[in-house]
Amino acid sequence: PFICCRLRSMSKDDFSTSRNKVARSDGFKLASVYQDRDLIVVNKPYDVAMGKEFAFSVQTLVKRDYANFLQIPEDGCKRERKIHFPHLLDYETSGVLCVSFTKKATSFLCRAIKDGRSIKTYSALVNGIVVPKKASQIDRVEIVNFSWNQGSEEEVETLRVKTFIIPGKTDPSLPPSPLSQVLVSDDPANKEAESSIRVIGYGTYHGKEVTHLHLRLHTGRRHQLRLHCLHLGHPIVGDTLYGPQEGEGAERMMLHALSMRILDQQRNVVHSFVGEDELVEFLDGPEKEKENSS
């Protein structure tokens, strides 16, 4: 049987409140980790929407803080350049996000992503203690040796999660909570979702035990990492959609896009956009590194 995670669709009402007061404060500037003539890579704040349909969004921040990039003449034309997002991040997710201003740059990045030549790594804090050997007993989860650094032969213990995700609205025949469920399906038409998950260390958040993970996307299904953490039995801290509904009183959802690497046709890294791992700052104290024997 296939393991399937059913998603709940979201409306604009879900974005009506934000835990991020800093991004909306006077003096806030959208930070960047890379800039060239046709592309900037920003550090997207958490609890900020992407598009122009919202009064406050990544798009409005780019227009305000990087207006000079919109005024660069293109093909001899002086009209304002458009903002493009070759990939997206969830409203609650922070981190590395590409913003392009030309069709050439947008096409290059979209093609790399479509062809599987982009490597996206995320950081997360999840509820509880993740023990790889115990987690590997869950259906559709296994322990593998995986090379996290492109071009390096060094491999580390990694959890590989492979499920099937069904996008769409909540099935009315299902109970309203939890909002995501692991279901058994014999329909091979469902879309496969694969993630690699590595335990980095352990700590506490608001006095509760948490695990610090690094996660790698191999497919790009909606809410994939959030659902795969839930599938392990360890929802992401502060995820009010798939975790405890009170959100544990968290300041934010603890999922951060840490890096994005673009490969050429020969699988060599041609662009590497790396941000800081902001989530360790939320731990109550120093992080305890994972032991090799765990």
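Just so we're clear, the structure is a prediction, and the values are computed from it rather than from any experiment. Within any chain, residue numbers begin from 1 and follow the written order of that chain's sequence. Where totals are concerned, whole chains, interfaces and linings use all residues; where local detail is concerned, this predicted model gives features only for residues with pLDDT of at least 70, and gives and counts side-chain atom pairs only at 80 or more. Side-chain measures here rest on the full set of heavy atoms in the structure, leaving out hydrogens and waters.

Engineer: Looking at this structure, I do not really get the packing of aromatic side chains. What am I missing?
Structural biologist: Geometrically, a pair of aromatic rings is defined through the distance of the ring centres and the angle of the planes. Here a Phe, Tyr or Trp ring, Trp counted by its six-membered ring, pairs with any other such ring whose centre lies within 6.5 Å, and the pair is stacked when the planes are under 30 degrees apart, edge-to-face when over 60, and tilted otherwise. The tally for this structure, following the rule as stated, stands at four aromatic pairs. Centre to centre, the rings of F146 and W148 are 5.5 Å apart; their planes meet at 90°, and the pair counts as edge-to-face. As far as burial versus exposure is concerned, F146 and W148 are alike and both buried. Taken together, Y66, F69 and F101 form an aromatic cluster joined through their ring pairs. Only protein chains enter the area calculation, which uses a 1.4 Å probe; residues under 20% of their type maximum are buried, those over 50% are exposed, and those in between are partly exposed.

Engineer: What am I meant to see in helix α5 (residues 224–231) here?
Structural biologist: Because an α-helix completes one turn every 3.6 residues, residues spaced three or four positions apart along the sequence face the same direction. Along α5, seven of the eight residues are buried, which leaves the element largely enclosed by surrounding structure. Residues Q224, L225, R226, L227, H228, C229 and H231 constitute the buried set of α5. Just downstream of α5, G233 is the residue with a positive phi angle, here 90°. Under the DSSP-based scheme used, a helix requires at least four consecutive residues in state H or I and a strand at least two consecutive residues in state E, with every element numbered from the N terminus.

Engineer: Is there a simple way to explain the environment of K21 in this structure?
Structural biologist: Along the polypeptide, K21 turns up in the loop between β1 (2–6) and β2 (32–35). The spatial distance from the C-alpha of K21 to the C-alpha of D47 is 9.3 Å, given a sequence separation of 26 residues.

Engineer: Explanation requested: helix α3 (residues 103–114) in the structure shown.
Structural biologist: The end-to-end C-alpha separation of α3 is 16 Å, in line with the 16 Å expected for twelve residues at 1.5 Å each. Buried residues of α3: A105, T106, L109 and A112, and no others. Seen end-on, α3 carries its buried residues on one side only, within an arc spanning 135°. Exposed residues on α3 whose side chains face more than 90 degrees from its buried face are K103, K104 and K114. Against β3 (39–44), β4 (94–100), β5 (118–127) and β11 (255–263) lie the buried residues of α3. The positive-phi residue at the C-terminal boundary of α3 is G116, with phi of around 75°. Between the first and last residue of a helix there are one fewer steps than residues, each counted as 1.5 Å, and that sum is the expected span. Arc, as used here, means the arc of the directions from the helix axis to the C-beta atoms. In what follows, a contact means two residues having at least one pair of non-hydrogen atoms within 4.5 Å.

Engineer: Help me understand the pattern of salt bridges in this model?
Structural biologist: Think of it this way: side chains of opposite charge can pair up when their charged atoms draw near. We count a salt bridge whenever a side-chain nitrogen from Lys or Arg sits within 4 Å of a carboxyl oxygen from Asp or Glu. If you walk through the whole model with that rule in mind, you get 13 salt bridges. Of the charged contacts in the structure, one is a salt bridge between R160 and E194, with a shortest N-O distance of 3.5 Å. Of this pair, R160 sits in strand β7 (residues 156–166) while E194 is found in strand β9 (residues 191–205), placing the two residues 34 residues apart along the sequence. Exposure remark for R160: the relative accessible area of 26% places this residue in the partly exposed category. Measuring nitrogen to oxygen at the nearest pair gives 2.8 Å for the salt bridge that ties R226 to D239. One end of the pair, R226, is in helix α5; the other, D239, is in the loop between α5 and β11, and 13 residues separate them in sequence. Given the relative accessible area of 1%, R226 is considered buried. Put simply, D90, E92, R226 and D239 are held in one network by salt bridges that share partners.

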